[in-house]
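Residue-level listing of the chains:
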Amino acid sequence: MRSLNTGFDELHALVQDFDFEVIGVTETWLDPYTPSLSYEMPGYTFLRADRSLQPGGGVAVYIKDCLKFERVELTEVDPSIEHISFIVRMRECKLGVAIVYRPPDVNYTCLKSLFQSVFVDMAVEVNSVVCLGDINVDLMSNTCSAAGYLRRLIKSHNVVQHISEPTRVTSTSETLIDHLIADKATKVEKYGVIDTSSIIDHRGLRITDHRLIYCNLRFEQEKTQAKLIRYRDYSKFNFNETLAVAAEVDWSRACDLSSVDDIEYFITSNIKSIFDKHAPIVTKRVTKNKAPWRTREVIELTKVKTRLKRQFLRNQNDANWSEYKRARNTLNSAIRSAKKRYFEDNLANCRDSSIFWKCLRQNGIVGSKDQKLPPNMNTNDINKYFTDMGTSCEPDEALEQFYDMNRRVGLTNEFKFRIVSHKEVVSAMNEITSKAVGTDDIGIDMIRAVSPYAIDAITHLVNMSLARDEFPQTWKMSIVKPLPKTQIPTSVSHLRPISILPAMSKIVEKLVVRQIADFVDE
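These lines cover the structure that appears in this document, whether it is placed above or below. All of these numbers come straight from a predicted model, not from anything done at the bench.

What counts and how
Residues numbered from 1 in each chain as written. Predicted model: local features only at pLDDT ≥ 70, side-chain atom pairs only at ≥ 80, totals over all residues. Heavy atoms only, no water. Helix = DSSP H or I, 4+ residues; strand = E, 2+ residues; numbered from the N terminus. Buried < 20%, exposed > 50% of the residue type's maximum accessible area, 1.4 Å probe, protein only. Contact = heavy atoms within 4.5 Å. Areas by Shrake-Rupley, 256 points an atom, 1.4 Å probe, with all protein chains shown as cover. Lys, Arg positive; Asp, Glu negative; His and termini not counted. Charge placed at Lys NZ, Arg CZ, Asp CG, Glu CD. Pairing = 2+ DSSP bridges. Axes fitted to C-alpha atoms, helices over the stretch in contact; angles between N-to-C directions. Polar contact = N/O pair within 3.5 Å; in protein donor to acceptor, adjacent residues only side chain to side chain. 1 Å grid on protein atoms, 1.4 Å probe; cavity = no way out; pocket = protein on both sides within 12 Å on 5 of 7 lines; lining within 4 Å. Points joined across faces, edges and corners; volume = space filled by probe spheres on them. Nonpolar A, V, L, I, M, F, W, Y, C, P; charged D, E, K, R; others polar. Patch = residues over 30% accessible without salt bridge, like charges linked within 9 Å, V, L, I, M, F, W, Y side chains within 5 Å. Salt bridge = Lys/Arg side-chain N within 4 Å of Asp/Glu carboxyl O. Expected span 1.5 Å × (residues − 1). Bend = angle between axes of the 7 residues up to and from the residue. Phe/Tyr/Trp six-rings, centres within 6.5 Å; stacked < 30°, edge-to-face > 60°.

Let us now look at the overall build of the chain. From N to C terminus, the chain includes 13 helices and 17 strands. Taking the principal axes of its C-alpha atoms as reference, the chain extends roughly 95 × 70 × 55 Å. Burial analysis of the chain (522 residues in total) assigns 40% to the buried set. Across the chain, the fraction of contacts at a sequence separation of at least 24, relative to all contacts at a separation of at least 6, is 66%. Of the roughly 31,700 Å² of accessible surface on the chain, 50% is carried by carbon and sulfur atoms. Charge centroids of the chain, computed over 70 positive and 68 negative side chains, lie 11 Å from each other.

So this is what it looks like as structure tokens:
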């Protein structure tokens, strides 16, 4: 727009003419001190994200009141990209929308963070995602490095940029810098551009020198919804190389730090840095769990079949079709043999009934015990229920005072945490059996792997925490999974929270429990 202030009336008329459900605006030129009242439209909710430090920029969106939506924050997007995002709920489907503006003086490589946040992080929560706005990268250019970079991002994230016509036309140039990018799950029925160059404001000037991009979307409830899984990829992991990198870290620097938060950050960031290089975190879209009977032969034959199928779809001749059929039949035969061997190995001589039935459930032979939450159960309601659960357990000051005034006769020593040795830390570390990974993306096996070199730093962290009665702030964050307590949960009271804690915090907790138990026993 280059100022919503001067072109608002014309924009309002445009919205009324086309009856958009959602319309995003880039370059609103509103500042944080400008009230929203002057820019609201009847029947629409107005959301805005202004540029705070410099004039210009800013994005906004109008959403029809009939749509149920919630605003979301994409915290990992490069701060130089101005954006606003939200999730629209329609029956059983959820659509994620991001309105973005990349100023032309901002390096185009910042778009990587945008694609990660929109098409990976937000995609976890929704069925479809669409990102639109002024990205200031001309996709009509075949020589521009920014255009090549954007095309690679689009390809690597398996998404589609639908606009093909120029969106900014001047007397000397035609460029395609406004984009409508959607994942392939989004059913884009119609899309294109509307020439708004004839729309003049009260000053006799065009409200924008860009063409309006638009799309119509269609939604249906999908039978099988894909999900995103996030995990560390150990397929190319080399243990000796990882240990060599861990040995090069100056872990003794942790002993020079006095704040438990600084020590925890130093240890955690180094462990993550080591494993991010040798076993990076990857996110993959899956529609079903991997079959446990998949052998290397089955995997390779699947790749061959997929390649030949694509080849046939490109050329569509009899020779390619015959090759594809042979590969498909070979794969089906290999799958049948692999299944037979798997079940013979796991069930033929199985004496444990629980293992027997678990094997059948995991492979879909009998019904699974996994319980799913009803689709109408609101996440915010679950959060509120869990956070309010502990409010009835406030400390009783009168009871505390009673115990303080009625101490056991002859008791001379009071409880105080003592420092621990390397041996105690290693012992507590080895007692942890859970492989769960908390908010810090570090598992107990990763800590054990670097412990021969980092044990002094870990012990220093434990002792500083005990000596100062301080618990690192990052350890107070957990991933909470709501598990149903009943077969068919119908309300939040039928759920119980399971907290997945950072693995490092469990080491300290085990040492704390041990010291308290020893004191009480004594």
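Taken in spatial order, the three strands of this open sheet run β1-β3-β2, and their pairing is antiparallel. In the strand order of this sheet, the two ends are held by β1 (22–26) and β2 (44–49), each with one partner. Ignoring which end each strand starts from, the neighbouring axes of this sheet average 15° apart.

Burial analysis of helix α10 (residues 397–405) places just zero of its nine residues in the buried class, a small minority of the element. Taking the backbone nitrogen of Ala398 as reference, a side-chain oxygen 3.0 Å away marks Asp396 as the first, capping residue of α10.

By volume, the second largest pocket is sized at about 940 Å³. If you trace the second largest pocket, you find 39 residues lining it, with Val22, Ile23, Gly24, Leu132 and Ile213 closest to the centre. Elements that contribute at least two residues to the lining of the second largest pocket include exactly α1 (4–18), β1, β5 (82–90), β6 (93–101), β7 (128–134) and β13 (212–218). Broken down by element, the lining of the second largest pocket gets its largest block of residues, six residues, from β13. Broken down by class, the residue content of the lining of the second largest pocket amounts to 24 nonpolar, seven polar and eight charged.

On to a nonpolar patch on the surface. Taken together, the side chains of Leu399, Phe402 and Tyr403 present a nonpolar region at the surface, about 340 Å² in accessible area. Within the secondary structure, Phe402 sits in helix α10.

What follows concerns helix α12 (residues 444–468). Compared with the 36 Å implied by 1.5 Å per residue over 25 residues, the 25 Å span of α12 between its first and last C-alpha is markedly short. Of all the bends found along α12, the most pronounced is centred on Pro452 and spans about 95°. For α12, the buried fraction is high: 18 of the 25 residues fall into the buried class. Just downstream of α12 lies Asp469, where phi reads positive at about 55°.

Moving on, we get to the sheet that holds β6. Sheet architecture is open: six strands sit in the order β4-β5-β6-β7-β11-β8, paired in mixed fashion. For this open sheet the edge positions go to β4 (68–72) and β8 (159–161), each flanked by a neighbour on one side alone. Strand-to-strand twist across the sheet, computed as the mean angle between neighbouring axes with direction ignored, equals 20°. Against the sheet, helix α2 (residues 111–121) touches β6, β7, β8 and β11 (178–183), its axis set at about 145° to β7.

Residues other than glycine predominantly adopt negative phi, and peptide bonds predominantly adopt the trans conformation. One non-glycine residue, Trp29, lies in the positive phi region at around 60°. If you trace the backbone, Trp29 turns up in the loop between β1 and β2. You can call Trp29 partly exposed: its relative accessible area is 44%. The phi angle at Asn158 is positive, at roughly 55°, despite the residue not being glycine.

So, on to the packing of aromatic side chains. A full pass over the atoms with the stated rule returns 15 aromatic pairs. Considering the side-chain rings of Tyr385 and Phe386, the 5.9 Å spacing of their centres and the 45° angle between planes classify their relative orientation as tilted. Taking relative accessible area as the criterion, Tyr385 reaches 25% and is therefore assigned partly exposed. On the basis of relative accessible area, Phe386 is assigned to the buried category, the value being 15%. Through a chain of ring-to-ring contacts, three or more aromatic side chains come together here, namely Tyr234, Phe237 and Phe275.

That is the geometry; function is a separate question.
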